[in-house]
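Remarks on the overall topology
The residues making up each chain are set out below.
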Amino acid sequence: MAAGVATWLPFARAAAVGWLPLAKKTMPRPPVDKKSRSDEILFVNVSGQRFQTWKNTLDRYPDTLLGSSEKEFFYNEDTQEYFFDRDPEMFRHILNFYRTGKLHYPRHECIQAFDEELAFYGIIPEIIGDCCMEEYRDRKKENQERLAEDNEAGEGGDAPLPPNSTSREKLWRAFENPHTSTMALVFYYVTGFFIAVSVIANVVETVPCRPIIGTVKDLPCGMKYSLAFFCMDTACVLIFTFEYLMRLFAAPSRCMFARSVMSVIDVVAIMPYYIGLVMPENEDVSGAFVTLRVFRVFRIFKFSRHSAGLRILGYTLKSCASELGFLLFSLTMAIIIFATVMFYAEKGTKGTTFTSIPASFWYTIVTMTTLGYGDMVPNTIAGKIFGSICSLSGVLVIALPVPVIVSNFSRIYHQNQRADKMRAQQKVRLARIRLAKKGCTNAFLQYKDDGGLQDHDSGSTALCVKNRSAFEHQHNHLLHCLEKTTNHEFTDELTYSEVCMTESLGYRTSRSTSLSSHHGSSTTCCPRRAKRRPIRLANSTVSVSRGSMQELDTLHVQKTTVVPQSRSSLNARTEDLKLNCDDRDFTAAIISIPTPPANTPDESLPTSPAFPGILRNSRSTTFNPDTVKISSL
Amino acid sequence: MKAKDRDQSLSDSRELDGSYDPLTDSIEDDFELSTVCHRPEGLDKLQEQSKFTKKELQVLYRGFKNECPSGVVNEETFKLIYSQFFPQGDSSTYAHFLFEAFDTNKNGSVSFEDFVAGLNIILRGSINDRLNWAFNLYDLNKDGCITKEEMLDIMKSIYDMMGNYTYPCMQDDAPREHVENFFQKMDRNKDGVVTIDEFIESCQKDENIMQSMQLFENVI
């Protein structure tokens, strides 16, 4: 339980007024808080470090906590000082702001902690001085990005689907996150394999094979084994079509899916095949048909679903669009300038290759990228001079935007790696949080077991209960009120699953076994806990002489109410209670099953559905610990 | 600092650090402005308006301020705080109803004054006051009477707080049955709604409820 919310406990307890009129039972008495609330307050004492300053200094900024009357809430008359339970290191900076009028951001502090301190003292971050403002804003931006990513990673597709999702949702999920089910994984690898096969086939079919016997010319393999290649192509296209249609069916928003990049790539990859099927073997259109086959190479982009690195690359290019645009623009400018110059420089030469300005573009590009094929070379002196200027400037113009692109790529790549690491650690974190929550519940059940829920008369409570803090008492009392309102009790997972199982199996068995305890045997409804049972039973056999449910209530009650009939036996029992306090793990689970009330042990066993009803009816008489206390023995 | 001054200084600082880029004509609002800081009335005034002592108010405020430095609680924080007391179940719906009950001026946030006002009624008010407040909590649409649907919502939210692992196993119709019980007790003229008078009358006649009022001793 966070310490901060301890101060909210009074509010939570007050909110219980909403349960009052609805409760089926009387609410229990609240715990008495004997300790008075004495506060130790020192003068502008921030967590022990004392600061002193003039009042005028603080009054300079009347819209902050320290400058307004709000600080009176933190004043302690006894010690005549203001006490703040905050970080003294940070307070130093806050106080300096009042003194010098400039707020500085300490670079070694966490940006969020600093923000929280500022919010607490009522200072807006915009007043940070120029010297520290940039650092502050950079760090804040970085932090926000990281938090946004973490949120995305947290909500990522690894969370299990809600149980009642349609098959369509399940299918979509299988497509988007292949590692969620084995079928999806298999499909993922199969499609990957076929993409590879298809691309390799496209490549291989243009390689020249040995000519068919009887001819001289080399044929491309595609022609020689045209049937085999056609079959392979058909198979691949069938798989791709099937995959595309499945995705289209499963997509939550079909319009959006149809417009997405991957879907366009899919369509473009399979279109040529179908168009080829439809089109007749016509000489005129076969030229166009050949061009269409080029689009088959787009199948290689389908790999981007399979490779995160490829996606990162695409994403980087997209995010560096402005830099790339600048690069393109400046290159175009330079090309046009130099091409024009070279054309006019070489115009006079006979047999020159610089026939027009567009023809010079090729020379300029080849020179600026330092390729230098040598198919076009200037011959005049002017041409050579300008040619060298061209190649020197080319290096500069291209080198400038490249580092920006590289750094973008590096940042995105590392972010992606961090996201993967986050996902892996998330599971551990969730498990630990779940454990902590269970710990809280177990604490309450343990408290019940230790007898914390009844009146704390002097001497009647076990030491381990007394040593609990006031906060724990009050919080447990609150939970007890909720139990009384709804007439159900808190249990833990183990007990719950067992009780529900025994209910469904048949009530008779569990009851008879638990009742047999009155013979002093150690069988219970939970055989593996039998070891612990005898310890308790030995102490209560006296009361378990009657064969009625009342005894087991008493049995239960004696463990919780801790008030047997006489003071002397009370003293004897403190041993037992100490025992209770020691074995933490089992007892909470065992004792919190109150045996259901009925008047005879063996007959008239209620059936499972009627169980709650009977409970309710007879609760008022048998289960109320107060009345049982009186009626036992 | 009044809002105007704050904006003024903000625009100054923006021009200073050049976040205003004339070329692209956009102000880089990297992060939103710091949240509005609400300050409660003075300690003396609050002491007059409520029956708490100075020390009690001080303690209350410190806790309040710690959890909500901006001085107001919004619904999310409210639900978060409340859920920390009930780790097993889901207390968000009940917390929502509570929030609506505390937020008397319906502005989506609970300030310290609202908070103290609510607690004043519950912890220091008369029994009638408390019952009134409870009625106000149940009456979700604030029309002066509680219908079965409203009560069912409230009941479900309370049962949700118990969570899954209860003894006996929580049946699905437990809230509904509880509501039927409630209406049987409270609805005198059997017209299907419970008005404030019926509510208070029935509660005053109910021994259990009267005795349970002891719940609020020693809370603060």
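Residues numbered from 1 in each chain as written. Chains lettered and ligands numbered in written order. Predicted model: local features only at pLDDT ≥ 70, side-chain atom pairs only at ≥ 80, totals over all residues. Heavy atoms only, no water.

- As recorded by an unreviewed UniProt entry, chain B carries the name Kv channel-interacting protein 2 isoform X3 and is attributed to Clupea harengus.
- The UniProt entry for chain B carries this comment under Subcellular location (unreviewed entry): "Cell membrane". (UniProt positions renumbered as here; feature names shortened; annotations may be inferred.)

- Going by an unreviewed UniProt entry, chain A carries the name A-type voltage-gated potassium channel KCND1 and comes from Clupea harengus.
- Word for word, the UniProt comment on chain A under Sequence similarities (unreviewed entry) is "Belongs to the potassium channel family. D (Shal) (TC 1.A.1.2) subfamily. Kv4.1/KCND1 sub-subfamily."

**Side note on the pairing of strand E4 (residues 81-84) of chain A**
All names here are of chain A.
- Summarising the sheet, strand E1 (residues 45-46) and E4 pair through two bridges and their orientation is parallel. Along E4, the bridge assignment pairs asparagine 45 with phenylalanine 83.
- Relative to E4, strand E3 (residues 75-76) runs antiparallel, the two being bridged by two bridges. Of the residues in E4, the one forming a bridge with asparagine 76 is glutamate 81. (Pairing = 2+ DSSP bridges. Helix = DSSP H or I, 4+ residues; strand = E, 2+ residues; numbered from the N terminus.)

**Looking at the packing of helix H6 (residues 112-124) of chain B against helix H7 (residues 127-138) of chain B**
All names here are of chain B.
- Look at H6 against H7: their axes get within 7 Å of each other, and the N-to-C directions meet at 130°. As the angle between them shows, H6 and H7 are arranged oblique. Residues Gly118, Ile121, Ile122 and Leu123 of H6 lie in contact with H7, whose contacting residues are Asp129, Arg130 and Trp133.
- The class makeup of the residues in the contact of H6 with H7 is four nonpolar, one polar and two charged. (Axes fitted to C-alpha atoms, helices over the stretch in contact; angles between N-to-C directions. Parallel < 35°, antiparallel > 145°, perpendicular 65-115°, else oblique. Contact = heavy atoms within 4.5 Å. Nonpolar A, V, L, I, M, F, W, Y, C, P; charged D, E, K, R; others polar.)

**Some thoughts on the side chain of Lys65(B)**
- Along the chain, Lys65(B) turns up in helix H3 (residues 54-67).
- Under the relative-accessibility criterion, Lys65(B) is labelled buried at 1%.
- Reaching out from Lys65(B), the side chain makes a polar contact with the backbone oxygen of Phe120(A) at a distance of 3.2 Å.
- Apart from residues lying up to four places away in sequence, Lys65(B) is in contact with Leu65(A), Glu70(A), Phe74(A), Ala119(A) and Phe120(A). (Buried < 20%, exposed > 50% of the residue type's maximum accessible area, 1.4 Å probe, protein only. Polar contact = N/O pair within 3.5 Å; in protein donor to acceptor, adjacent residues only side chain to side chain.)

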